[in-house]
Amino acid sequence: MKKICLAFLSILFIVSACGIINTAENDKYQATLVSMEVQMKLMEQNMAATAQALSAEQKAPTQACPTLAPCPTCAPATIIVTPTQGAAATVPPKPYATSGPTGGVAGSLNYPSSQIPAQRVVAFNIKTGYYYWQNTNAGTGNYSFEKLPPGTYHLMSYLISDPKNLMAGYSQAVPCGLNASCTDHNLIDVEVKAGEETQGINIFDWYADPVAAGWPADPTQK
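Below you will find a few notes about this structure.

Basis of the calculations
Residues numbered from 1 in each chain as written. Predicted model: local features only at pLDDT ≥ 70, side-chain atom pairs only at ≥ 80, totals over all residues. Heavy atoms only, no water. Helix = DSSP H or I, 4+ residues; strand = E, 2+ residues; numbered from the N terminus. Polar contact = N/O pair within 3.5 Å; in protein donor to acceptor, adjacent residues only side chain to side chain. Phe/Tyr/Trp six-rings, centres within 6.5 Å; stacked < 30°, edge-to-face > 60°. Buried < 20%, exposed > 50% of the residue type's maximum accessible area, 1.4 Å probe, protein only. Disulfide = S-S within 2.5 Å.

**Structural notes on the side chain of asparagine 125**
(1) Moving on: By secondary structure assignment, the location of asparagine 125 is in strand β2 (residues 119-125).
(2) Moving on: Within the structure, asparagine 125 has its side chain in polar contact with the side chain of tyrosine 153 (distance 3.4 Å).

See the structure below:
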């Protein structure tokens, strides 16, 4: 930019030397030149200041990005698992091992056909909520729980091939004789005492409506 301005002034001086303009115009011309020189000096000063500012800006150190504090690592929350009563009773599958004195319960199984299919017999402790179960083979007509904690139980049997729909219970209809007049299908409370085996608990009632009677579903199928 400075070189362009100097070239322009040189041209003006050459024109002045050639005598193209008269004296009056020459005075006016000289005044114009002085004004232009002042403006050029001001421009040079502004350009120098701008260049200096740009140079200072380029030399200024770049501010480093702040380093964020690391996220605190929290210890994993302690998960306390409280086993449900049902879950505790299914591990191991035959939860016979109990502490303290135990008792037993035994009885017969049947099925309204010519053969007795494989069944799952479940003893429900109606006070604690725990249950105990065992599977029988096809053709087996009896069952026995030898080590049950003393308490009150309901006895149920579920067809292994279709436990959701086919089930039997030791209900009031069993001692009634399971005839048409026996309409009470409520499960009978069976007392198991320490050191004793309660016998004759025959799970023969296959004729009840489980939902209407309030019978529990096979807990092993949850």
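**Some remarks on the packing of aromatic side chains**
Two measures describe an aromatic ring pair: the distance that separates the ring centres and the angle between the ring planes.
(1) Moving on: Counted according to the given criterion, the structure contains four aromatic pairs.
(2) Moving on: For the ring pair phenylalanine 124 and tyrosine 131, a centre distance of 6.2 Å and an interplane angle of 45 degrees mean the geometry is tilted. The two residues phenylalanine 124 and tyrosine 131 agree in class, both being buried.
(3) Moving on: Taken together, a centroid distance of 6.0 Å and an interplanar angle of 65 degrees make the contact between tyrosine 143 and phenylalanine 145 edge-to-face. Just as tyrosine 143 is buried, phenylalanine 145 falls in that class too.

**Focus: the state of the cysteines**
(1) Moving on: Counted according to the given criterion, the structure contains one disulfide.
(2) Moving on: Disulfide pairing is shown between cysteine 176 and cysteine 182; the S-S distance is 1.9 Å. The S-S bond linking cysteine 176 to cysteine 182 shows a torsion near -85 degrees; that makes this disulfide left-handed.
(3) Moving on: Cysteine 182 sits in the buried class, given a relative accessible area of 6%.

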